[in-house]
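# Commentary on secondary and tertiary structure
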Amino acid sequence: MNTYWRTFKVAAWLGWEMDSNWTEPWLFIIYSIIKPIAATFILVLMYIILAAVGNFSAGPLFDFMYVGNAFFIFVGTTLFGTFQVIQSDREWYQTIRYIYISPISFYVYVLGRAISKILVAAFAVVITLAFGALVLRPAVEISLPLASVPVFVAALALGLFCLLAIGITLGGMTFLMARHTQSLAEAVPGIFYVFCGVLFPLSVLPGWLQGVGRAIPLTYWFELSRRLLLSSADQAVLAPLTGLGGFSDLTILGFLALSSVVFFALSLGVFKLGEYLARKAGKIDMTTSY
Amino acid sequence: MSSATPSRSATARRSDFRYKAALNLRSVFGRAYPRVIGANREPSWIFFEVFLPLLGIAAYVFIYQAFYNAQVALIQAGQCGSAACASPADQLAHLKAAAANLNALVGTVVLGGTMVAFWLNVLWSMASQLYWEKEIGNLQIYMMAPMSRMALLAGMAIGGMFMTSVRAIATLVAGILVFGVIFQVANPLLLLAVFFVTLIALYGMGMLFASLYLLWGREAWNLSALLEEPIFFSSGMYFPAGGFLMVQPWGPAVAVAGSLVPAMLGLDALRQLTLPGYTLPTVLPPGTELEILLGLTVLFLVLARFALAHLETLAKREGKLTSRHQ
């Protein structure tokens, strides 16, 4: 256990240094904010144009989209933080062979490396939400009553754990892939972007695709986070649209806990399988540089 | 002395035009080849480059669909814009206008999705490529080879355009078949001109960036990452760029800054030329946009030529040409 903890700590420190020490701290902070704010502004402009051209307003839908997009920052960065580790160590730094033969758990090492990205993502999520509530006009109506804090924290912890598990599952697959981290980073979150009701209610999707969305645990995390953060006026408009109105907050939390366990087991299995197949095919330290 | 002459003539640098042109053409072909062939030898590439990015585009399409549904619900409830519907005919007209707007907006996203593919290729396979070559130790071999560095970059660009065209075509086909977008081309010659000039300008910009990245270390990778969402935003990849002019006071400034990236004007022109009855806000007429794009093309290619020579010298002087992982 002690070795696991030490590996995790050192990997987390290494990840932080690799992410941030290429520049000055102030530049790193700006860098970390600009990307998510720009992504948010894409949605803001989409709404402004649509509202102007169609001469109508749909405030609750915009709030739905805004909060979903803010929490989606966790998805992109956490997934990228986990599944880029193997490829960056293997292809870029070419250090994977040294780390791999050291007496540590490679799974825990990957987990540790992802932590710094989650911290940066948390910062970006807070900035994005604060921007929507304080700067944007009309403001996004966000509030978190004190009584809802424990459920919110539990949902956040379970959601992130689930994301990490999904990320490591994908990381296990990258043992066998050429250097497509960037494509993967763009593509896999796209699945969640479409099916998890991040930017639009699930009811917009065709029926069978709604089923796909309901099978992904992140859908419930986004739903619960929005329920806890958005105003009751918004909730009244949105509840019939999301298709998840029948579930209580605690039921959703239960779904998240169960999904976390399932994905954790899956991540262990896929990671070990990917590692085994890569060793067998001699691909552990391959480079693919066309 | 006479015995040394044949050896020297065999290794002497040849400067005649025909030899140089053939050498550089071979270099262009040689650098484009691994991108075209090598990529197709990696089956997972098809899945990641062609199929999965469609999902990101679908998300933006469904956003417009969600708002369209909300708008239709309002119209059917008797609310036509800010006032009540005057008559059933008025209601029908509003419904038709909403459907036409939806087609234009979804078409906007689909065309933006194709341009995103090219922009990502410019960032990750053009601009970052020399930096990547430095990291894996190929750059020094390129630098010792006798061809022009511009030929090397041109080969990368042509190979990259081919690779990306597959993804772009898949996005367009999906736009038509899955999302039901109706495209209508009124002026095919102007459309082709805008498309190819935009691509050349974009890859010219990539060549310029590639030379800048030659000097940088890990900042290069982070800069490429930084130039994704902000450029998607400032170039209006998923919404009509003319919308910037509606947002006062900062919108027009973003539009001017965004037009430095050829994708913005190129996309705006392509949307006007392919989406029938385009009533969404525009930046400039397509002809004017083509003229500006031509200017940007020349500017970027000339700048890339000079920047490459200058920064190569600078990188050699500072000892950064072969330094890795810094």
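For the structure given in this document, a descriptive report is provided here. (Residues numbered from 1 in each chain as written. Chains lettered and ligands numbered in written order. Predicted model: local features only at pLDDT ≥ 70, side-chain atom pairs only at ≥ 80, totals over all residues. Heavy atoms only, no water.)

### Some thoughts on the overall build of chain A
Condition: A run of DSSP states H or I qualifies as a helix once it reaches four residues; a run of E qualifies as a strand once it reaches two. Both are numbered from the N-terminal end. With the radius of gyration taken over C-alpha atoms, the globule rule is written as 2.2 Å times the number of residues to the power 0.38. In this scheme, a residue with accessible area under 20% of its type's maximum is buried, one over 50% is exposed, and one in between is partly exposed, where area comes from a 1.4 Å probe on protein chains only. Here, two residues are considered to be in contact whenever any of their heavy atoms come within 4.5 Å of each other. Only the protein chains shown count as cover for residues, with accessible areas throughout obtained via the Shrake-Rupley method and a probe of 1.4 Å. Note that His is not counted, nor are the chain ends; the positive residues are Lys and Arg, and the negative ones are Asp and Glu. Each charge is placed at NZ for Lys, CZ for Arg, CG for Asp and CD for Glu.
Counting its secondary structure elements, chain A contains 11 helices and 0 strands. Put simply, chain A runs from its N terminus to its C terminus through helices and strands in the order α-α-α-α-α-α-α-α-α-α-α. The C-alpha radius of gyration of chain A comes to 20 Å, within 12% of the 19 Å expected for a compact globule of 290 residues. Its C-alpha atoms give chain A principal-axis dimensions of about 60 × 40 × 40 Å. Counting across all 290 residues of chain A, residues that qualify as buried make up 57%. For chain A, the proportion of contacts with a sequence separation of at least 24, taken over those separated by at least 6, is 81%. Within the structure as shown, chain A displays about 11,800 Å² of accessible surface, and the carbon and sulfur contribution to it stands at 72%. Across chain A, the mean location of the 16 positive side-chain charges is 10 Å away from that of the 13 negative side-chain charges.

### Thoughts on the overall build of chain B
When helices and strands are counted, chain B shows 14 helices and 2 strands. Reported as C-alpha extents along the three principal axes, the dimensions of chain B are approximately 100 × 40 × 40 Å. When each of the 326 residues of chain B is scored for burial, the buried share is 55%. For chain B, contacts bridging at least 24 residues in sequence account for 80% of all contacts bridging at least 6. With an accessible surface of roughly 14,300 Å², chain B has 68% of that area assigned to carbon and sulfur atoms. For chain B, the centre of its 20 positive side-chain charges and the centre of its 14 negative side-chain charges are spaced 14 Å apart.

### Considerations on the packing of aromatic side chains
All names here are of chain A. We count it as follows: Only rings of Phe, Tyr and Trp enter the pairing, Trp through its six-membered ring, and a pair is recorded when the two centres are within 6.5 Å. The plane angle decides the type: under 30 degrees is stacked, over 60 is edge-to-face, the rest tilted. Two limits define a charge over a ring: the Lys NZ or Arg CZ must be within 6 Å of the ring centre, and within 35 degrees of the ring normal.
For the structure on display, the rule yields 38 aromatic pairs over all chains. Seen in terms of ring centroids, phenylalanine 72 and phenylalanine 222 are 6.4 Å apart; in terms of plane orientation they differ by 25°. Their pairing is stacked. Separated by 150 residues along the polypeptide, phenylalanine 72 in helix α3 (residues 59-92) and phenylalanine 222 in helix α9 (residues 217-229) bring together distant segments of the chain. By relative accessible area, phenylalanine 72 is classed as buried at 11%. Here arginine 226 stacks its cationic end above the ring of phenylalanine 64, 3.5 Å away from the centre of that ring.

### Comments concerning helix α12 (residues 251-258) of chain B
Residue and element names in this part refer to chain B. Threshold: Taken from the helix axis, the directions to the C-beta atoms give the arc we talk about.
Buried within α12 we find Gly251, Val254, Ala255 and Gly258. Across the axial projection of α12, the buried residues extend over an arc of 105°, all falling on one side. Among the exposed residues of α12, those oriented more than 90 degrees off its buried face are Ala253 and Val256. The inward-facing, buried residues of α12 abut α11 (229-234) and α13 (262-274).

### Focus: the nonpolar core
We apply this condition: The criterion is simple. A nonpolar core is a set of buried Ala, Val, Leu, Ile, Met, Phe, Trp, Tyr and Cys residues joined through side-chain atoms within 4.5 Å.
Within the largest apolar cluster, 182 residues are counted, with the highest numbers of intra-cluster contacts made by Phe192(A), Leu218(A) and Trp119(B). Considering each element in turn, this core owes the most residues, 18 residues, to helix α5 (residues 88-127) of chain B. With sequence-adjacent residues up to four places away left out, Trp119(B) is seen in contact with Leu202(B), Met205(B), Phe209(B), Leu227(B), Ile231(B), Phe232(B), Met237(B) and Val261(B). Counting residues in each nonpolar core, the second largest holds 15 residues, with Val85(A), Ile96(A), Ile168(A) and Phe271(A) among its members.

### Observations regarding the state of the cysteines
Disulfides are covalent bonds that link the sulfur atoms of two cysteine residues. Put simply, the rule reads: Any cysteine sulfur atom paired with another within 2.5 Å is treated as part of a disulfide.
Considering all chains together, one arrives at 1 disulfide over all chains under this definition. For Cys80(B), the disulfide goes to Cys85(B), at an S-S distance of 1.8 Å. As the torsion about the S-S bond is roughly 90°, the Cys80(B)-Cys85(B) disulfide counts as right-handed. The same class applies to Cys80(B) as to Cys85(B), namely buried. Of all cysteine sulfurs, the one in Cys196(A) lies closest to Cys162(A), which takes part in no disulfide; the gap is 10.0 Å. For Cys162(A), a relative accessible area of 0% corresponds to the buried category.

### Some words on the interface of chain B and chain A
Rule in force here: Values labelled buried area give the accessible surface lost by two parts on being combined, using a 1.4 Å probe and summing over both. Basic side-chain nitrogens of Lys or Arg form a salt bridge, by our definition, when they fall within 4 Å of a carboxyl oxygen of Asp or Glu. Identification of polar contacts relies on pairs of N or O atoms within 3.5 Å, with a donor-acceptor requirement for protein atoms, meaning one able to donate a hydrogen and the other able to accept it, and with residues adjacent in sequence counted only if both atoms are side-chain atoms.
Taken together, the contact between chain B and chain A spans 61 residues of the former and 55 residues of the latter. Of the roughly 5,300 Å² buried between chain B and chain A on both sides combined, carbon and sulfur atoms contribute 75%. Among the ionic pairs, Lys35(A) bridges to Glu229(B), the shortest N-O distance being 2.9 Å. For the interface between chain B and chain A, the tally reads 2 residue pairs in polar contact (both at pLDDT 80 or more).

### Quick look at the packing of helix α9 (residues 188-215) of chain B against helix α14 (residues 286-317) of chain B
All names here are of chain B. The condition that has to hold: Where helices are involved, their axes are fitted lines through C-alpha atoms of the stretch in contact, as for all axes, and angles between N-to-C directions lie from 0 to 180°. What sets the label is the angle itself: under 35 degrees gives roughly parallel, over 145 gives roughly antiparallel, 65 to 115 gives roughly perpendicular, and the rest give oblique. Take the far helix as the reference: if the near one is turned anticlockwise from it by less than a right angle, the crossing is left-handed, and if turned clockwise, right-handed. Note on residue classes: Ala, Val, Leu, Ile, Met, Phe, Trp, Tyr, Cys and Pro are nonpolar, Asp, Glu, Lys and Arg are charged, and everything else, Gly too, is polar.
Relative orientation of the contacting elements α9 and α14 amounts to 20°, with a least axis distance of 8 Å. Taken together, α9 and α14 sit at an angle that is classed as roughly parallel. Judged by the twist between their axes, the crossing of α9 over α14 is left-handed. For the contact of α9 with α14, the class distribution of residues is 25 nonpolar, 4 polar and 1 charged.

### Digging into a nonpolar patch on the surface
Operational definition: Patch construction takes residues with relative accessible area above 30% that form no salt bridge. Like charges are linked within 9 Å, and nonpolar side chains (Val, Leu, Ile, Met, Phe, Trp, Tyr) are linked within 5 Å.
A surface patch of nonpolar side chains, amounting to about 500 Å² of accessible area, comprises Ile169(B), Val173(B), Ile176(B), Leu177(B) and Val178(B). Mapped onto the fold, Val173(B) is located in helix α8 (residues 149-177).

### Some details on the pattern of salt bridges
All names here are of chain A. Counted under the stated rule, the structure contains 10 salt bridges over all chains. For arginine 97, the salt bridge is made with aspartate 285, and the minimal N-O distance between the two is 3.4 Å. Placement of the pair is arginine 97 in helix α4 (residues 96-101) and aspartate 285 in the segment after α11 (249-281), with a sequence separation of 188 residues. Of the residues examined, arginine 97 reaches a relative accessible area of 36% and is grouped as partly exposed. The exposure class assigned to aspartate 285 is partly exposed, which follows from its relative accessible area of 32%. For lysine 272, the salt bridge identified is with glutamate 275, shortest N-O distance 3.9 Å.

### What to know about the side chain of Asp19(A)
Its location among the elements puts Asp19(A) in helix α1 (residues 2-20). Asp19(A) has contacts with Phe28(A), Ser116(A) and Lys117(A), leaving out every residue within four places of it along the chain.

### So, the side chain of Ser235(B)
Structurally, Ser235(B) can be placed in the loop between α11 and α12. Each residue touching Ser235(B), except ones within four places of it in the same chain, is listed here: Ala241(B), Gly258(B), Val261(B), Ala263(B), Met264(B) and Leu267(B).

### Overview of the packing of helix α2 (residues 25-54) of chain A against helix α4 (residues 53-76) of chain B
The N-to-C vectors of α2(A) and α4(B) enclose an angle of 35°; their axes lie 11 Å apart at closest approach. At the point where α2(A) passes α4(B), the crossing takes the right-handed sense. Counting all contacts with α2(A), which are made through Ile42(A), Leu43(A), Met46(A), Tyr47(A), Leu50(A) and Gly54(A), the residues of α4(B) involved are Tyr60(B), Ile63(B), Tyr64(B), Phe67(B) and Gln71(B). Here the residues of the contact of α2(A) with α4(B) are counted per class, giving 9 nonpolar, 2 polar and no charged.

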